[in-house]
Amino acid sequence: MTSSASSDASAAAMAATPSPSVRQVSLSTPFTDQKPGTSGLRKSSRQFEQPHYLESFVEAVFRVLPGVAGGTLILGGDGRYGNRRAIGVIARMAAAHGVARLITTTGGILSTPAASHLIRKHQAIAGIILSASHNPGGPEGDFGVKVNGANGGPAPESITDAIFAATTALDGYRIVDAETPSLDVPGVHALGDLRIEVIDGVDDYVTLLQGLFDFGAIGALLRGDFPIAFDAMHAVTGPYASRLLEGLLGAPAGTVRNGTPLEDFGGGHPDPNLTYAHELAELLLDGDAYRFGAACDGDGDRNMILGHRCFVNPSDSLAVLTANATLAPGYASGLAGVARSMPTSAAVDVVARDLNLPCYETPTGWKFFGNLLDAGRITLCGEESFGTGSDHIREKDGLWAVLFWLQILATRRCSVAEVMADHWSRFGRHYYSRHDYEAIASDRAHGLYDRLKGLLPSLVGTSFAGRSIATADDFSYTDPVDGSLTSGQGLRLLLDDGSRVVVRLSGTGTQGATLRLYLESYVAAGGNLDQDPQQALADLITAADQLAEIRSRTGMERPTVIT
Ligand code: G16
């Protein structure tokens, strides 16, 4: 049964349901800490469990979004602790605000990319996605609420700023008193005038991907001598990956690991990188059983790609997909352009130049790709934070990236390591690494950042790791589509040989502050392309630490995560 499911019986049940009464709940003091970060409002589960906390944010969302009364809303989440409760609360608030149609999913399980697709497919006014993405879940973990607009993408800052402003002035919220319908099976329900459709959250997404890739060719690869491992990290992609990889593409049972979504992600940290997905990394990087490995994050928008003894850094992944895009049927006619976030390496820029494609550099945050995608200026985009996607939706898409890689391997019939070696021999290699210093005391992190920012004007022309600093600035972006200016997006040191050091404070953490140090150095084709990135970047790492006083100011001897 799918979204169109509406049996006569359920229609009759809807007609018979008495309208529940709308209750106005007063708030004596508004919350002052509901400012969305890089992607939605992320807080600890405990904070979200405070009385009225979730309701306050959702009320602000309903007051700010255009078209709520009479509109269609998509609702679901990554299955973490708090997901079902939040769906019930939001459904009752939607009924109180006159939403006409609410589409949610069995078990409330809906990945971020699948949600983006449903918003577009049903011309919804918005989607509310319950996820703190790659942050851990459970009663002691994190919860989050992401708001996506009618284009299917994360709400732009004009909307999230207005939502925040509304929360700080809120005197109450509206909700209906009623039982919320069961999410256990597909069906149609009524809550007063609100029609609630519970659909299978996997069907539509799978159909979308079938239209982009050659499932025959990929299936032939996976049914042959090409064992792969996919780690769903006990998060949302389990049901999607099982249907796609083991169901439609014929990979052996057991290909999908940790495929059952759990409220606490099995106690893990559903962030697909070498630190948190280390079991998969060890299988691929130390063992010989698998030719390809991949993992996705809590809500299914991030991806990590591994080959046998080969880690593909996300910046390189975007460059490889761009260079090989026409191998996938959905992109066979070529690309309009590409974009990457500022801290992402310039690997894709080199490919874009070669293919004569426009290439845009945006601030961190998928929301900044939205206008470029909507205007048809770009087809592919990506970020160093394990995000890659295309104009098929308005979110990054983990399983899409996995299938894209499998498409390339199925067509070229070579290993991941061979794809990378060939790519670098053609375009040169951008040695790249990100060092994260997590959960630093907020004042220390801001002290470090502000000091470095103050130094910037004096740095141009000085020497740094044997090079000279050509530009030192705080990144600003003028959106080429709507002309909006976004400033304060990260401190950049651009060196005269094309190397870069970037420093940012994360906008997605919930404990203290996270400092991110991004390092990049380019070696042209014909140079030494086989170094360990940490070695290749060693002089930049040392110089960055000396200049920004990272170790002394954070009190941390080494980063918590290196990717
Ligand atoms: C979110 C955003 C991404 C961003 C990432 C990291 O990802 O959607 O665009 O790159 O956060 O942001 P920060 O460096 O500020 O922590 P996700 O997967 O967490 O939704």
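Residues numbered from 1 in each chain as written. Predicted model: local features only at pLDDT ≥ 70, side-chain atom pairs only at ≥ 80, totals over all residues. Heavy atoms only, no water.

Remarks on the site of the ligand
Inference 1: With respect to spatial proximity, 20 residues lie near the ligand, and among them Glu 383, Ser 506, Gly 507, Thr 508 and Arg 516 are the closest.
Inference 2: Interatomic distance of 2.7 Å between a side-chain N/O atom of Ser 385 and an oxygen atom of the ligand.
Inference 3: Surface burial for the ligand is 100%, taken as the share of its 460 Å² of free accessible area covered by protein chains.
Inference 4: Here the shell around the ligand is composed, by residue class, of one nonpolar, ten polar and nine charged. (Near = heavy atom within 4 Å. Polar contact = N/O pair within 3.5 Å; in protein donor to acceptor, adjacent residues only side chain to side chain. Areas by Shrake-Rupley, 256 points an atom, 1.4 Å probe, with all protein chains shown as cover. Nonpolar A, V, L, I, M, F, W, Y, C, P; charged D, E, K, R; others polar.)

With respect to the sheet that holds strand β25 (residues 500–505)
Pairing between the strands of a sheet is mediated by backbone hydrogen bonds and can be parallel or antiparallel.
Inference 1: As summarised here, the arrangement of the seven strands in space is β20-β21-β24-β25-β26-β19-β27, forming an open sheet in which the pairing is antiparallel. Looking at strand neighbours, the two that pair on one side only are β20 (463–464) and β27 (561–562), the edges of this open sheet.
Inference 2: Pairing analysis gives ten bridges linking strand β19 (residues 429–440) to strand β26 (residues 513–523), with the strands arranged antiparallel. Within β26, the position partnered with Ser 433 by the bridge is Leu 519. (Pairing = 2+ DSSP bridges. Helix = DSSP H or I, 4+ residues; strand = E, 2+ residues; numbered from the N terminus.)

Topic: the side chain of Asp 316
Inference 1: Looking at where Asp 316 falls in the secondary structure, it is placed in helix α11 (residues 314–323).
Inference 2: It is Arg 429 that comes nearest to the buried, bridge-free Asp 316 among opposite-charge side chains, at 4.9 Å.
Inference 3: Here Asp 316 is in contact with Ala 347, Met 420, Trp 424 and His 430, once residues within four sequence places are set aside. (Buried < 20%, exposed > 50% of the residue type's maximum accessible area, 1.4 Å probe, protein only. Lys, Arg positive; Asp, Glu negative; His and termini not counted. Salt bridge = Lys/Arg side-chain N within 4 Å of Asp/Glu carboxyl O. Contact = heavy atoms within 4.5 Å.)

With respect to the pattern of salt bridges
Inference 1: In this structure the tally under the stated criterion is 37 salt bridges.
Inference 2: With its nearest N and O atoms 2.8 Å apart, the salt bridge here joins Arg 63 to Glu 59. Here Glu 59 and Arg 63 lie together in helix α3 (residues 53–64), a separation of four residues that amounts to about one turn.
Inference 3: Overall, Glu 59 belongs to the buried group, its relative accessible area being 2%.
Inference 4: Salt bridges sharing common partners tie together Arg 340, Asp 349, Glu 361, Asp 473, Arg 492, Arg 500 and Glu 520.

A short note on the confidence of the model for the chain
A low pLDDT means the predicted coordinates there should not be read in detail.
Inference 1: Summary statistics for the chain give a mean pLDDT of 94 and a share of 97% for residues scoring 70 or more.
Inference 2: Counted against residues more than four places away or in other chains, residues 1–16, with its pLDDT under 50, gives 20 contacts. (pLDDT = per-residue confidence, 0-100.)

Thoughts on the packing of aromatic side chains
Inference 1: For the structure on display, the rule yields eleven aromatic pairs.
Inference 2: Consider the rings of Phe 31 and Tyr 53, whose centres lie 4.8 Å apart with planes at 75°: the pair is edge-to-face. On the criterion of sequence distance, the pair formed by Phe 31 in the loop between β1 (22–26) and β2 (41–44) and Tyr 53 in helix α3 is long-range, its members being 22 residues apart. For the pair shown, Phe 31 and Tyr 53 are each scored as buried.
Inference 3: Residues Phe 48 and Phe 143 carry aromatic rings whose centres are separated by 5.1 Å and whose planes lie at 75° to one another, so their mutual orientation is edge-to-face. Of this pair, Phe 48 sits in helix α2 (residues 45–49) while Phe 143 is found in strand β6 (residues 142–148), placing the two residues 95 residues apart along the sequence.
Inference 4: According to the relative accessible area criterion, Phe 48 is buried, its value standing at 2%.
Inference 5: Look at Phe 143 and you get buried, because its relative accessible area is 4%.
Inference 6: Following the ring pairs from residue to residue traces out a cluster consisting of Phe 31, Phe 48, Tyr 53 and Phe 143.
Inference 7: Above the face of the Trp 424 ring, Arg 429 is positioned so that its terminal group lies 3.8 Å from the ring centre. (Phe/Tyr/Trp six-rings, centres within 6.5 Å; stacked < 30°, edge-to-face > 60°. Lys NZ or Arg CZ within 6 Å of the ring centre and 35° of its normal.)

Let's talk about the nonpolar core
Inference 1: Core analysis: the biggest nonpolar cluster contains 105 residues, and Phe 213, Phe 292, Trp 400 and Leu 406 have the highest contact counts within it.
Inference 2: Here this core gets eleven residues from one element, more than from any other, and that element is helix α14 (residues 398–412).
Inference 3: Not counting residues up to four positions away in its chain, the partners in contact with Trp 400 are Tyr 205, Leu 209, Leu 212, Phe 213, Leu 321, Tyr 331, Leu 380, Thr 388, Gly 389, Ser 390 and His 392.
Inference 4: Ranked by size, the runner-up nonpolar core spans 46 residues in total, among them Phe 31, Leu 54, Leu 75 and Tyr 173. (Core = buried A, V, L, I, M, F, W, Y, C linked by side-chain atoms within 4.5 Å.)

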